Amino acid sequence: QVQLVESGGGLVQAGGSLRLSCAASGRTISHYAMGWFRQAPGKEREYVAGISWTTGSTWYVDSVKGRFTISRDNAKNTVYLQMNSLKPEDTAVYYCAADPKVVITTSQYNYWGQGTQVTVSS
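Residues numbered from 1 in each chain as written. Predicted model: local features only at pLDDT ≥ 70, side-chain atom pairs only at ≥ 80, totals over all residues. Heavy atoms only, no water.

Enquirer: Whenever I open this one, the pattern of salt bridges confuses me. Can you help?
Expert: Close approach of charged atoms allows side chains with opposite charge to pair. With the rule as written, the count across this model stands at four salt bridges. A salt bridge links Arg 38 to Glu 46; the nearest nitrogen and oxygen atoms lie 2.8 Å apart. The partly exposed category is assigned to Glu 46, whose relative accessible area is 28%. One connected set of salt bridges, linked through shared partners, spans Arg 38, Glu 46, Arg 67 and Asp 90. (Salt bridge = Lys/Arg side-chain N within 4 Å of Asp/Glu carboxyl O. Buried < 20%, exposed > 50% of the residue type's maximum accessible area, 1.4 Å probe, protein only.)

Enquirer: Looking at this structure, I do not really get the side chain of Arg 72. What am I missing?
Expert: On the secondary structure map, Arg 72 appears in strand 7 (residues 68-73). Comment: no salt bridge for buried Arg 72; closest opposite-charge side chain is Asp 73, at 8.5 Å. At 2.8 Å, the side chain of Arg 72 and the backbone oxygen of Tyr 32 are in polar contact. At a separation of 3.2 Å, a polar atom in the side chain of Arg 72 contacts the main-chain carbonyl oxygen of Ser 52. For Arg 72, the contacting residues outside a window of four places in its chain are Ile 29, Ser 30, Tyr 32, Ala 33, Met 34, Ile 51, Ser 52, Trp 53, Thr 78 and Val 79. (Helix = DSSP H or I, 4+ residues; strand = E, 2+ residues; numbered from the N terminus. Lys, Arg positive; Asp, Glu negative; His and termini not counted. Polar contact = N/O pair within 3.5 Å; in protein donor to acceptor, adjacent residues only side chain to side chain. Contact = heavy atoms within 4.5 Å.)

Enquirer: Looking at this model, I keep getting lost on unusual backbone geometry. Mind explaining?
Expert: Working note: non-glycine residues mostly have negative phi, and peptide bonds are mostly trans. Phi is positive for Asn 77, close to 55 degrees, though the residue is something other than glycine. As for its position among the elements, Asn 77 is in the loop between strand 7 and strand 8 (78-83). Residue classification places Asn 77 among the buried positions, given a relative accessible area of 14%. Even without a glycine there, the phi angle at Ser 85 is positive, about 50 degrees. Looking at the element boundaries, Ser 85 is found in the loop between strand 8 and strand 9 (92-99).

Enquirer: Would you mind showing me how to read the sheet that holds strand 1 (residues 3-7) here?
Expert: The pairing of strands in a sheet comes from backbone hydrogen bonds and takes either a parallel or an antiparallel form. Here we have four strands laid out as an open sheet, ordered 1-3-8-7, and antiparallel in their pairing. Looking at which strands have only one partner, the edges of the open sheet turn out to be strand 1 and strand 7. Here the average twist between neighbouring strands, direction ignored, is 15 degrees. (Pairing = 2+ DSSP bridges. Axes fitted to C-alpha atoms, helices over the stretch in contact; angles between N-to-C directions.)

Enquirer: So what exactly am I meant to see when it comes to the environment of Phe 37 here?
Expert: Within the secondary structure layout, Phe 37 lies in strand 4 (residues 33-39). Note on Phe 37: relative accessible area 3%, which makes it buried. Setting aside chain neighbours within four positions, we find Phe 37 in contact with Arg 45, Glu 46, Tyr 47, Val 48, Val 93, Tyr 94, Tyr 95, Ala 97, Ser 107, Tyr 109 and Trp 112.

Given below as C-alpha cells:
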C-alpha cells in the first residue's frame, strides 16, 4: 500500500505560482508512475500531469502545458507540481495519485491522496 499526502495548496492571485508536494509513505515510489489530478466544483476529475518511473518522461493535459511542471524526487519519496501563470480556471482540489504502471498517458491510478485546495483569484 502507498499512502499519499498532498500539501502546498492555497489562495493565489491570477498570474501567480504555487508548488504542490505529494509525500508518499508505505512504499518507495521509485517504481510507481505518479500523477496529479484536479476536480473543480461541479466538474469531473481531470488528469493534469503524469511522470513515468521508467524514463522520467512526462505528460500534461493541453490546458496546463507550458505552465505546470511535474517532477519527482525518489530519494525523498515525493512528487511535485510546480504551477506558474495560474488562472482562475485552475481553481480546484488537486489530488496526487500513484500506480505501478508504465504508461502515463492513461488516467487509471490505484492510490490516491486526500487532496489540497488551490484557489486562484482574478
